[in-house]
Amino acid sequence: MATMPVGGLPPHDTDRPADLVVHNAKVHTGTALPAAVSAVAVRDGRIAAVGHDAEMAPLIGPGTRVVDAVGRRVVPGLNDSHLHVIRGGLNYVLELRWDGVRSLRRALAMLREQAARTPKGQWVRVVGGWSADQFAERRLPTVAELNEAAPDTPVFVLHLYQSAVMNRAALAAAGYTRDTPDPRGGQIVRGHGGEPTGMLLAAPSALILYSTLAKAPVLDEADRITSTQHFLRELNRFGLTSAIDAAGGFQNFPDNYGTVIELARTGRLSLRIAYHLFPQTAGQEIADLTRWIGTVRPGDGDEWLRLNGAGENLTWSAADFENFSEPRPELGAYEGEFEQAVRLLTEHGWGFRLHATYDETIRRDLAVFEKLAADGLFPAGNRWLFDHAETVSPDSLDRIAALGGALSVQNRMSFQGEAFIRRYGAAAALQAPPIRAMLDRGLTVGAGTDATRVSSYNPWLALSWLVSGRMVSGRTLYPGAGRVDRRTALEMYTVAGARLTGEEDVKGVLLPGYYADLTVLSDDYFTVPEPEIQHIESLLTVVGGRIVYAAGEFEGLDEPLPPVVPLWSPVARFGGYQAALPAAGGVRQAELLGEAAAESAEHLRWRNARDLGAPAGGAAPDPCFAL
Ligand SMILES: [Zn+2]
């Protein structure tokens, strides 16, 4: 069974050697048959064969690259079905990422160090990927702490969709004074004298947060290219080989798509991207959609970069905000304009994705779709899906199924679940979102993160959340019945995403003829203890037969990447996601020990200052331990 012909594909030419063979692996193909094999052969960017090691011999020639996976688990490359990857790439090297950081103390130390290496005129920005709940201290930094860490460098720290904390220098750089009015849906928190304190609140719209961030300097085009390359490589680090871009605010078409278009044109994308077009300005949505329908078509592009439709926003008036620390927004009458947009899209063969957090919004959207369906205008053969759907009801799920829709869910609750519980109660959170109910109806449910401004882009946090129901705070949100098994979770991260872009015939499983997109994992996803799933990384990521990421025993096998620019970039110093496990190597282990020692010395000083002496049951820190 060296080759497994699949329907419609030409028979394989076994006389021609493969370009790449990965063997001695535990290969999960993602299909029933063959369920478990040990080798994958790749030719011309596609899988040429899957089978057992001995069966690969005829495919290995003098030019074949052979990689011994040393018994590790191989799974199909992951596909984040809701990632703001284009926007994330344009800004990646400018951001200090607190993703994975376990204490506020460490986060502030990073911030202090980064402020010192940031040149005048630039900002330090922490934009998503973390939550106060992940810190041992369970709290946000204060304005005073930011001022202390960065007396002169503007610092902007975004927390979920809820708030931002700015230091004194950032308030000055943004031009916020006692005379600055509050923007609509947002609040500049003020002291008794009317001066801004440094806190910004989304109340409930996050626009105030993003429009403030938009005052910070941006990269020039050359640096945007490098920044995007490094962001894609960071995603490859976790086994991601595809993403469906959800567009987003401040992501204008075509201007802000130029960087990924240039990378695609020159063969430098290391992640496949299907993208969407998102009207940016309230009141101009229909004009924008009309213009795009006249110039581009869904499916335009190639296997690396292609247009998939409109969304996740169609009309601003229909957008609900998922700020769970605020009441659900009451939307005004939006149906007229919304119907016009949907009708325009479906009549012209455009599918779409639609941001909707709450069932109240979803029910109103569905009523519009059903009205169009009664006239035979919906979905008219077009793919469509709801994004997020945290509080969607069983009745709405039935209606979505009847209209041939799909869903994409993200682990936003692992970051915002505590806020959700405080507002709506633990019982309501048990079904937020009701993933089992979606799957039980046979709906296609893609998984993803919604990174980079709220959740982290690390897919293993999302897979861990799907399987264990646990949030970054450590608390379990869902009972067993609300979770999914590991195989299903992986399918949501592979096959389902491929369906959402109509690529299920070429993507999502490891079979001959499919794209050679796979990842060799640091630990076996199917057998590691549940709490370890979140710590999995890729050690070797292959996209279209190219090795785009390699670490551990495979280090050096991947394509070279230009160095991070600018030199002061936080990514150049800290990288992206901060792995918590000493598995990352001895250096990290030593750093953790150093941090622990510093922490105990600090704690001792604090106790001494209060005449409390050494902690009960423990002596003063051993000087040998204080590295
Ligand atoms: Zn959204």
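The structure under discussion appears in the preceding block.
What you see is a predicted model, and the numbers here were worked out from it, not measured in a lab.

Conventions used here
Residues numbered from 1 in each chain as written. Predicted model: local features only at pLDDT ≥ 70, side-chain atom pairs only at ≥ 80, totals over all residues. Heavy atoms only, no water. Helix = DSSP H or I, 4+ residues; strand = E, 2+ residues; numbered from the N terminus. Buried < 20%, exposed > 50% of the residue type's maximum accessible area, 1.4 Å probe, protein only. Contact = heavy atoms within 4.5 Å. Areas by Shrake-Rupley, 256 points an atom, 1.4 Å probe, with all protein chains shown as cover. Lys, Arg positive; Asp, Glu negative; His and termini not counted. Charge placed at Lys NZ, Arg CZ, Asp CG, Glu CD. Pairing = 2+ DSSP bridges. Donors = N, O, S within 2.8 Å, 3.2 Å for Na, K, Ca; no water. Core = buried A, V, L, I, M, F, W, Y, C linked by side-chain atoms within 4.5 Å. 1 Å grid on protein atoms, 1.4 Å probe; cavity = no way out; pocket = protein on both sides within 12 Å on 5 of 7 lines; lining within 4 Å. Points joined across faces, edges and corners; volume = space filled by probe spheres on them. Nonpolar A, V, L, I, M, F, W, Y, C, P; charged D, E, K, R; others polar. Salt bridge = Lys/Arg side-chain N within 4 Å of Asp/Glu carboxyl O. Expected span 1.5 Å × (residues − 1). Phe/Tyr/Trp six-rings, centres within 6.5 Å; stacked < 30°, edge-to-face > 60°.

**What about the overall build of the protein chain?**
Piece 1. Within the protein chain, the regular secondary structure consists of 19 helices and 23 strands.
Piece 2. Projected onto its principal axes, the C-alpha coordinates of the protein chain cover approximately 80 × 65 × 50 Å.
Piece 3. Here the protein chain, with 627 residues, has 58% of them falling under the buried criterion.
Piece 4. Put simply, 74% of the contacts in the protein chain that link residues at least 6 apart link residues at least 24 apart.
Piece 5. If you sum the accessible surface of the protein chain, you get close to 23,600 Å²; carbon and sulfur atoms cover 54% of it.
Piece 6. With 59 positive and 73 negative side-chain charges, the protein chain shows a spacing of 3 Å between the two charge centroids.

**Describing the pairing of strand β11 (residues 163-166)**
Piece 1. Alternating residues of β11 divide into S163 and V165 and A164 and M166, and every residue in both groups is buried.
Piece 2. As defined by bridge partners, strand β10 (residues 155-159) adjoins β11 across four bridges and the pair is classed as antiparallel. When the bridges of β11 are listed, H159 appears paired with S163.
Piece 3. What sits between β10 and β11 in their antiparallel hairpin is a turn of three residues, with L160 showing a positive phi close to 50°.
Piece 4. Relative to strand β13 (residues 196-202), β11 runs antiparallel, the two being bridged by three bridges. Paired with S163 across the strands is L201, a residue of β13.

**A closer look at the coordination of the zinc ion**
Piece 1. Of the protein atoms, only E312 (OE), H355 (ND1) and H388 (NE2) coordinate the zinc ion, at distances of 1.7 to 2.2 Å.
Piece 2. For the zinc ion, the donor residues sit on a single chain with the sequence spacing E-x42-H-x32-H. Separated by 43 residues along the polypeptide, E312 in the loop between β16 (305-310) and α9 (335-347) and H355 in strand β17 (residues 352-356) bring together distant segments of the chain. Per residue, the accessibility class of E312 equals that of H355, and both read buried.

**Some points on unusual backbone geometry**
Piece 1. Here A203 and P204 are connected by a cis peptide whose omega angle stands at 0°.
Piece 2. With respect to the helices, strands and loops of the structure, P204 is situated in the loop between β13 and α5 (207-213).
Piece 3. Look at the link from A432 to P433: it is a cis peptide, with omega at -5°.
Piece 4. As for its position among the elements, P433 is in the loop between α13 (426-429) and α14 (435-440).
Piece 5. Here the phi dihedral of R138 falls at roughly 55°; this positive angle occurs in a residue that is not glycine.

**Quick notes on the nonpolar core**
Generally speaking, a soluble globular protein has its nonpolar side chains buried in company with each other.
Piece 1. V85, I273, F352, F369, F386, I400 and Y525 are the most contacted members of the largest nonpolar core, which totals 130 residues.
Piece 2. Those residues within four positions of I400 in sequence are excluded, and the remaining contacts are I362, L366, W384, F386, V392, G405, A406, L407 and L443.
Piece 3. Formed by 24 residues, the second largest nonpolar core is a distinct cluster that contains V37, V40, A69 and A516.

**As for the sheet that holds strand β21 (residues 518-521)**
Either a parallel or an antiparallel arrangement is found when strands of a sheet pair, and the pairing is made through backbone hydrogen bonds.
Piece 1. The strand order β3-β2-β7-β21-β22-β23 describes an open sheet built from six strands, whose pairing is mixed. Every other strand in the sheet has two partners, leaving β3 (36-37) and β23 (546-550) as the edge strands with one partner each.
Piece 2. One ladder, built from four bridges, connects β21 with strand β22 (residues 538-543); its direction is antiparallel. Residue pairing for β22: V520 is matched across the bridge by L540.

**Some words on the layout of surface pockets**
Piece 1. The space that makes up the second largest pocket amounts to roughly 970 Å³.
Piece 2. Class assignment for the residues of the lining of the second largest pocket results in 15 nonpolar, 14 polar and eight charged.

**Here's the deal with the pattern of salt bridges**
Piece 1. For the structure shown, the criterion picks out 37 salt bridges.
Piece 2. A salt bridge links E145 to R139; its shortest N-O distance comes to 2.7 Å.
Piece 3. Between E221 and R224 there is a salt bridge; the shortest N-O distance is 3.0 Å. In this pair, E221 and R224 both sit in helix α6 (residues 221-236), three residues apart, roughly one turn of the helix.
Piece 4. R224 gets classed as partly exposed once you look at its relative accessible area, which sits at 24%.
Piece 5. When salt bridges that share partners are traced, they join E322, E390, R412 and D450 into one network.

**Section: empty space enclosed by the protein**
Piece 1. Enumeration over the complete set of coordinates arrives at three cavities of 30 Å³ or more.
Piece 2. There is about 60 Å³ of room inside the largest cavity.
Piece 3. Forming the boundary of the largest cavity are G77, L78, N79, T241, S242, T494, K507, G508, V509, L510, Y515 and D517.
Piece 4. For the lining of the largest cavity, the secondary-structure elements that each account for two or more residues are β8 (78-83) and β14 (240-245).
Piece 5. For the lining of the largest cavity, the class distribution of residues is four nonpolar, six polar and two charged.
Piece 6. Considering only enclosed or pocket space, the second largest cavity measures out at about 40 Å³ in volume.
Piece 7. Lining the second largest cavity, in full, are N79, S242, A243, I244, R272, I273, A274, E303, R306, T501, E503 and K507.
Piece 8. Mapped onto the lining of the second largest cavity, the elements with two or more residues apiece are β14 and β15 (272-277).

**Focus on helix α10 (residues 359-374)**
For an α-helix the count is 3.6 residues per turn, leaving residues at separations of three or four pointing the same way.
Piece 1. In a regular helix each residue adds 1.5 Å, so 16 residues correspond to 22 Å; α10 covers 22 Å between its end C-alpha atoms and thus fits that length.
Piece 2. Along α10, the positions that sit buried rather than exposed are D359, T361, I362, D365, L366, V368, F369 and L372.
Piece 3. In this structure, the buried side of α10 is in contact with α9, β17, β18 (384-388) and α11 (394-402).
Piece 4. At the exit of α10 stands G376, carrying a positive phi of roughly 75°.

**Looking at the packing of aromatic side chains**
Piece 1. For the structure shown, the criterion picks out 27 aromatic pairs.
Piece 2. A centroid spacing of 5.4 Å and a plane angle of 85° characterise the contact between F231 and Y457, whose relative ring orientation is edge-to-face. In this pair, F231 sits in helix α6 while Y457 sits in the loop between β20 (445-448) and α15 (459-468), placing the two residues 226 residues apart along the sequence.
Piece 3. F231 gets classed as buried once you look at its relative accessible area, which sits at 0%.
Piece 4. Y457 gets classed as buried once you look at its relative accessible area, which sits at 0%.

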